[in-house]
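Below are the chains, spelled out letter by letter.
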Amino acid sequence: MAEIIQTDGTPKEGKLVAPGYKILVAEDEESNFRYIEKLLKKAGFELLRANNGLEAVEYVEFDGNINLILMDIKMPVMNGVEATREIKKLKPEIPIIATTAFAIPGDREVFLKAGCDDYIPKPIRAGELIEMILKHIS
Ligand SMILES: [Mg+2]
């Protein structure tokens, strides 16, 4: 897959990398969401946004077509670790990529143990995120 995307995350030759794939972005901060939205839409993904972990769980309960979740860890109401545990009980097959700006050593293991399939630190680099997503949905 790497050969079809450029380092800024956009597909080569203007092709969409994964048309029709729906990604749920659980992110409480508006500016972070806008940034992620821009780069995922450029690659051709459909997007849903949850503002906190509880909303993410609710989306998974009521939308049967979510292909992958990008999960911020630090969120109000319900954090990303708790939300991941709940979602994996409901739909263990949906890949979850955890993300946070404030990881300390050992956090990655906590996220993976909660059920996250992968982890990407913030600031998120476009090419790295798209490659990681493609690895989990292909
Ligand atoms: Mg946050």
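Values in this document were obtained by computation on a predicted structure and should not be read as measured data.

Caption draft 1: Fine view of the coordination of the magnesium ion. Taken together, the protein donors to the magnesium ion comprise D28 (OD), D72 (OD) and K74 (O), at separations of 2.0 to 2.1 Å. All donors of the magnesium ion belong to a single chain; written as a sequence motif, their spacing is D-x43-D-x1-K. The exposure class assigned to D72 is buried, which follows from its relative accessible area of 3%. Taking relative accessible area as the criterion, K74 reaches 44% and is therefore assigned partly exposed.

Caption draft 2: Expanded view of the sheet that holds strand β3 (residues 68-72). Read from one edge to the other, the open sheet built from 5 strands follows the order β2-β1-β3-β4-β5, with strand pairing classed as parallel. Each of the sheet's edge strands pairs with one partner strand only, and the pair in question is β2 (46-50) and β5 (118-121). Between one strand axis and the next, the sheet turns by 20° as a mean value, whatever way the strands run. Judged from the 4 bridges that link them, strand β4 (residues 96-100) and β5 form a sheet pairing that is parallel. Bridge pairing in β5 places I97 opposite D118. This element, helix α2 (residues 53-62), spans β1 (22-26), β2 and β3 of the sheet and lies at about 130° to β2. Across the face of the sheet, helix α4 (residues 107-114) comes into contact with β4 and β5 while running at roughly 140° to β5.

Scoring rules and cut-offs
- Residues numbered from 1 in each chain as written.
- Predicted model: local features only at pLDDT ≥ 70, side-chain atom pairs only at ≥ 80, totals over all residues.
- Heavy atoms only, no water.
- Donors = N, O, S within 2.8 Å, 3.2 Å for Na, K, Ca; no water.
- Buried < 20%, exposed > 50% of the residue type's maximum accessible area, 1.4 Å probe, protein only.
- Pairing = 2+ DSSP bridges.
- Helix = DSSP H or I, 4+ residues; strand = E, 2+ residues; numbered from the N terminus.
- Axes fitted to C-alpha atoms, helices over the stretch in contact; angles between N-to-C directions.
- Contact = heavy atoms within 4.5 Å.

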